[in-house]
Each structure stands twice: as structure tokens, then as C-alpha cells.
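Examination of the molecular architecture
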Amino acid sequence: MKLSYSWLKDYLKCDLTPDQVAEAMTSIGIEVDSVQMQEVIPGGLKGVVVARVLTCEPHPDSDHLHITTVNDGSPEPVQVVCGAPNVAAGQKVLFAQSGTVLPGDFKIKKSKIRGVESFGMICAEDELGIGSSHDGIMVLPESAVPGTPAKDYLGLKDEAVIEYEITANRIDAASHIGVARDLYGYLKSRDIPCELCIPSVEAFREADGEAIPVEVLDSAGAPRYCGITLTGVKVAPSPEWLQEKLLSIGLKPINNVVDISNFVLFETGQPLHTFDADKVEGKVIVRRAAEGEKIRTLDGVERSLHASDMVIANLSGPMCIAGVFGGEDSGVSDATTEVFIEGAYFDPGSVRKTAKSQTLSTDASFRFERGADPEAALYAAKRAALLIQEVAGGQVVGRVQEVYPQPIGRARIDLDYGRIQRFIGKELGKETIEKILEGLNYEFLEKRAEGALVAAPTYMVDVTRECDVVEEILRIYGYNNIELPQTLRMSVQPSRQPEPEAIRNAISNFLAANGFVETMNNSLTKEDYYTKLQTFPAERCVRIVNPLSQDLNVMRQTLLLNGLEVVAYNLNRQATSLKFFEYGSVYQRLPEKDGATLEGYEEHRCFSLVLSGTPDKVWRTPVQKSSFFALKGYVEALFARYRVDVQTLQPGAAPADLFAEGITYSLPGKEPKLLATLGTLQPALCKRFGVKQPVFAAEINWEVFFSLVKRDKFSFKELPKFPEVRRDLALLLDEGVAYGDVRKAAIKAGKKLIKSVTLFDVYRGDKIPAGKKQYALNFVLQDPERTLTDADVENTMNRVLTTLQNELGATLR
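Computed from a prediction, not measured in an experiment: that's the story for all the values here.

A count of helices and strands for the protein chain gives 20 helices and 42 strands. Its C-alpha atoms give the protein chain a radius of gyration of 40 Å, clearly above 28 Å, the size a compact globule of 813 residues would have. Principal axes of the C-alpha set define a box for the protein chain whose edges measure 130 × 85 × 65 Å. Long-range contacts, defined here as pairs at least 24 residues apart, represent 70% of the contacts in the protein chain between residues at least 6 apart. Total accessible area computed for the protein chain in this model is approximately 41500 Å², and 50% of it derives from carbon and sulfur atoms.

Written as C-alpha cells, this is what we have:
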């Protein structure tokens, strides 16, 4: 945002320099980016001077050019060829010397015109950017002194412009008066002489006649609406003072009526809209749009409206989108003679929703959606009416039309000075607190020795509680004026063990140490991704009521699809070897529950791991392609890191709509909890993202995983003193027998002697019967209290083999 220093001084009379104003603004929470000296005319007319025309003779090869000599204050006269019809000897003119750059980036060079050398240019108003006339050169009074710089002669002054930013809750500072109010409170609290001068509208008078009537059909969307009708208005270019004000903050003047609306906006912070009253049919109607209703806006675009959009309409249709953008057919033109001035307070949520759905961002919507001042609507309309009468003539017709069924009052806040000072950490004193609040225009409804009841100004939309008032006091008093205490008081709350954040960071570090790169993706995604899925159906998507685009219209149900987006993005940039992970939340709508409450939605967090492609060749180690088993190894290594025994989990097949092959791990129980899903993603799914190479992905439910980490209790014991014994068995099994079942039966039969069972080979082929497979298993036996004998080992292994034969139909090979 831009703030004109001279414009600000119209409302705040003080002796602060621009740099001091900027320093004070930053101190009170309005962050200043820069202070720049801005020339009224770009370039400041450097190189343009007052000159006297000494001689003027007709050009021999032209019927309209003249050969002149001018005295520009230099020792020798300068020859200039001039085409102006009014040039004559003896005149005082403004002369652009050779090398001067005029507005419009037009550089004056030494040249030959029809064979005669010319060393400059005698200028007209429009060529200097100080007017629009091009009828002839500017002729100055005889008192003008040759050699005087044009900047000095014309009295052009540099304008100090302050560029600043505001936070979303400080929309009250988005105007010159808004900043002036804050600075006034700052200066008054420090007893620095200053005066706040808010323009009065007492001169406004209602008149006879019939004003355009107003009807508000939706007071929730427009809690306050004011309208003033003017007639006899003459639309013309704005006066110089008004153009200079707007140009100083980067606005282009349009005409006197429109410029007044913009002037009042940046003066007060209250958006206005002026309609051509002759184009208002019947009356002004403030209502919601009909679904699909059309309007052509000022940018020439025909827009389709939604039923939630507020519009300003007449009997024949909408004239503008309320609080956002004007309509093309109802705007002010050069032929306008009657205007209708709108001053309103629109519901912030409604304006924001409309602005986003129409992809519009205007000065008006920026202010309305953050919360304009409801009390400023009528004041700004009257202020605009008085200024239009001043610069464009005209008179008020009828009475002010105002619809304000439920006035919005000031927020009443009860203050406890002792609690405020304890919160601040310093004894400010009752007088200092009250002085600051009075300087900020707080109304004291009741004063007590230990506190007060105050009413906050309506333009401070975020001040509703005592803690908000504390913030206001602190920013004016100055955070830097609060000394650091000698002692620090704090209460220490024991954190949960294990600490979730520490575990998450440790997992991230583990994956990074194994070559994974962490990614972060938007939780918003497109609904089309879920239209063909059964595991994550589209009806379970959490939809965004007012999406920024159709590509961001639902919350994600899984991290896997984000992973495919990342793969596609990198493949398009020739990065084919990928190994990354993500930690984030996923969301689901629960159709069986009420979607009007939070119970109808579910959110949990996940880790996802993705492998794809072949790593670059390295001379020291052989290249290992990405594979399902490589991914499975990383997942099981992570589980082992936190003592999660995969063999105790319940395995299952990965969902076929997502995975071509894969496995799920769940916690066993009456209602198994899904811990992880991993496998090779379906080629058809990958193809939807433009990915042709295989992609291996895993998704781990963080909440379920952390419950296992919490459950684990670490204990320590000495290393075994007695040796372990290893035995191998080759078993022929039916295809339907799972390794997990084999392991479970073996450990049960081996009682306490079998410490581990490992599958180290699987064989399927023509050497064994159809429907069969061969498992090669390694068994580790150990007794913690004695050395095992051959008889112990043989008895245990026979017992294991008998159990496998009886329960699983195994045959020893």
C-alpha cells in the first residue's frame, strides 16, 4: 500500500518528517517497506529550462517550420527548429536542451530538420506532462528568467511516498485517515504536539425532490446500505489537486466523479460506488443473485453469478456485484448528469466468497472482506457528495436513502488494570492506560479505580476482548519499552513419553539417512482423482464450499496420489530416479454420520514412501533397481527400528484398484486397525498421471504406528551365554498356505527354544506338483540357561515338523 506524506498531513498536523512517520508507523504495528521521494512528473523535467526566443525566421524548405535562436542561460545562443504556429521572437518559453528525456521516455537529440541543425526543442504543455494542450508552445510571462530550471519555475515538488503493509486484522489502517488516527494516538501518548483533523460533513444538506428509492431484500448480506442522489453533475477531467493526490499513490485519474470515489476510498478506507442514476430503472434493489444470472462487469467480461452472490440491481437486472466490482452498463460516463452514490457495509464472508468464486480482487473487496467500518458508510457517502458538488457541480435530490435495521454497536469490553499490567509485565499506571485508549478513540462508559468499561471503535474489527485491548495498549506504548525481567516465571508441564514430535522427526531422519527426500504437498486436490476408486471413493471426499479452482476442490484422502503428482512432475523434468517421503494429514467424509458436525468427518496423519526408476550408476556398488521388495525392506526396517514385529501383524492383500500387487499390515483383533499398505501401484492409475515407469509406494497410518511405539516397553537383559543352533528345512506346501501361518505354527511347537524362523527361498516350477510351492526355512534354537544337546535339537525339530504336517499339510523334501 502507498501513503502520500503530504496527503497524510491534511489530517494529522505535526512536525514529523517522512522518515519519522515511517519509524512511528513501524513501531505501532504498521510495517513500512520504504520511503521514496516521488517526482510529480517523472524525471522532474531535468534539462528543461526557461529560455527567451531571440530570433524567429521561416524555414526555407517548409511552409510551417521556423528557425529560431534561443537564450537558455548559456553563454551562446542555441539554434532550434520549431514547428509551433505561435512561436515568435521575444517570447519566454520552456526549452528542452539536447540530451533531455521528456515524459514518455522521449529523448531530445541533436538533429537535422530539412537540412537545418536543431539543438533542442521548445515545448508545449502535453510534451512536458503538465497539461493536455498541443495547440502551440507554452508562452511564459515576461518576468520569467532565462536559465531557470522548469522544475523551479513551475514549483514542482517531490512527493514523499511511504510504502507499507498491513496484517489481515488491521484493515482500519488501509487509508490515510486510518494511519493518521493511529499516529495521533501514538503522538498523544508521548505528549508530542499534534492535531487530528477529520473532514466534517456538516455542510451536507438533504433537499426536496424524489431520491432513487432503496430496497434491501437480504440484510444479512448488506447490514447497512446508504444512497445519495445528485443531479446537474458535469463529468469532466478532475482538478489538478485531485489528480495529484491520486497520482501520488499510483492511481490514474479517470474523471471527476470516479476520481472522487477513489479519493474517498483512500482517504477514509470506505469503498464507494457511483452509478449513473439515469440507468437505474425504478429503484435500487440489494439482493442475492439468481443462480446463473448474468452481468457484464467494468472489465468487459460477462460473468455468471451464484445464488450466494450479493448484487446491486434495479427492476431490470443486476447493476454491479456488491462490494466487489461494478457493472459496465450502469457506470458513470462523460454523458452522465445524475449520479447515485452508494455507501454500504457488506458482510465480509459474503464478499470474500463472491470475490474468490469470480476470481476478482479489487480495492473494494480487499477492504470489505476484511471488515469495513459500518459507521463509515454514511459519512463517506456524504463526504463524496460534498466533493462531487465541489468539483462537478450538481445538487442533492431528496433525502438520504438508508436501510440499517440492526445497527452494529461498539464492542463493550470490561478491563481490569491489574490483570492487564500483569499480562504486559510492567506497571504502566492507570493514567497511561487511559491516555493511550482515549488517543485511540475508545469510549469510556465507566471508570473505576481498578479498571473500566470501554467501547472499542467500530473500525477496530478485531478488538472484542480484553486481550485485544492489551495488544492495542502495547503497540502504542511500544514493545521495546517493556524491559526484560530479572526473573523468569514458568510452569513446566511434563511432556508425553514418547513425545510424538520427537518420534516423527526421528522417522524423518531415518528415511533421509536411507536416501529419501522429504516432500510437502497441498492438502487440497482435485475430485477427479477419486472418481474411479473404490478404496477412496469420491463420495467420501471432503469438498471445499468455495474452491479456488476445480483442481483444488476437495481435501485429499490419501498421500499416494500426491506421490504420483510428484513422480509426474519430476519425470517431466528428466528426473527419473525418485525416492521420497511425505508426512501429512488425510481427510474423509463419513457418509453414515451427520456432515453438519465434525463427527461427520475424519482426519488422520500418514507417512508415505515412494520409489521409482533406476538410480544413477556408481562405480563402487552395483545398481539396484527400485522394486516392491526394496520398498518392503525400508518399511520393515522402519518397523524394526521401533520394535514393531512384522510377524505379529495381520497381513492382507493390498486393494486392487490402487495396487497391481502388494500387502497390507493390520493390528490383529476383533476390528483390525490398518497400519500400512504397500506395493506396486496399478499401471492404469499411473497412466492417469502420465507416468509410464513402475511406481512402488507405501502409506503408514501414523496414529496406529504411534500406538505401537507407545505400547512398547524397553527392557534390558544380558547377552546369552550359551550358543545358538541352526537347522534348515525344505517343505512342500499348498499355494494357499501363507508364510506367516508356517512361522506361527513352528514357534508354537518349538515352545521357548525356537528364537527365529526365516524364509530364505521359495521355489515354484515343474519339479514339484502343480498347486504346490517349496519353502526353504532357517530355524534358530537357543536355551538361555544351558547348552542344547543334539537330542534337544532333534526332538524340537521333529515336533515342529509333525505340527507343520498335521496343521498345514507340509511335506518334508
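Along the polypeptide, Glu-434 turns up in helix α12 (residues 430–439). There is a polar contact of 2.9 Å between the side chain of Glu-434 and the side chain of Tyr-417. If near-sequence neighbours (up to four positions away) are discounted, Glu-434 is found in contact with Tyr-417, Phe-444 and Lys-447.

Before going further, it helps to spend a moment on the sheet that holds strand β31 (residues 542–543). As summarised here, the arrangement of the three strands in space is β30-β32-β31, forming an open sheet in which the pairing is antiparallel. Pairing within the sheet leaves two strands with one partner each, and these edge strands are β30 (524–525) and β31. Taken together, the two bridges between β31 and strand β32 (residues 554–555) define a ladder with antiparallel strand orientation. From the neighbouring strand, Arg-543 faces β32, where its bridge partner is Val-554.

Attention now goes to the pattern of salt bridges. Scanning the model with the defined rule gives 41 salt bridges in all. With a closest N to O distance of 2.6 Å, Asp-182 and Arg-170 form a salt bridge. One end of the pair, Asp-182, is in helix α5 (residues 176–189); the other, Arg-170, is in the loop between β13 (158–165) and α5, and twelve residues separate them in sequence. Arg-170 shares its class with Asp-182; the two are buried. Here the salt bridges share partners, and the residues they tie into one network are Arg-170, Asp-172, Asp-182, Glu-472 and Arg-475.

Rules behind the numbers
- Residues numbered from 1 in each chain as written.
- Predicted model: local features only at pLDDT ≥ 70, side-chain atom pairs only at ≥ 80, totals over all residues.
- Heavy atoms only, no water.
- Helix = DSSP H or I, 4+ residues; strand = E, 2+ residues; numbered from the N terminus.
- Rg over C-alpha atoms; globule rule 2.2 N^0.38 Å.
- Contact = heavy atoms within 4.5 Å.
- Areas by Shrake-Rupley, 256 points an atom, 1.4 Å probe, with all protein chains shown as cover.
- Polar contact = N/O pair within 3.5 Å; in protein donor to acceptor, adjacent residues only side chain to side chain.
- Pairing = 2+ DSSP bridges.
- Salt bridge = Lys/Arg side-chain N within 4 Å of Asp/Glu carboxyl O.
- Buried < 20%, exposed > 50% of the residue type's maximum accessible area, 1.4 Å probe, protein only.

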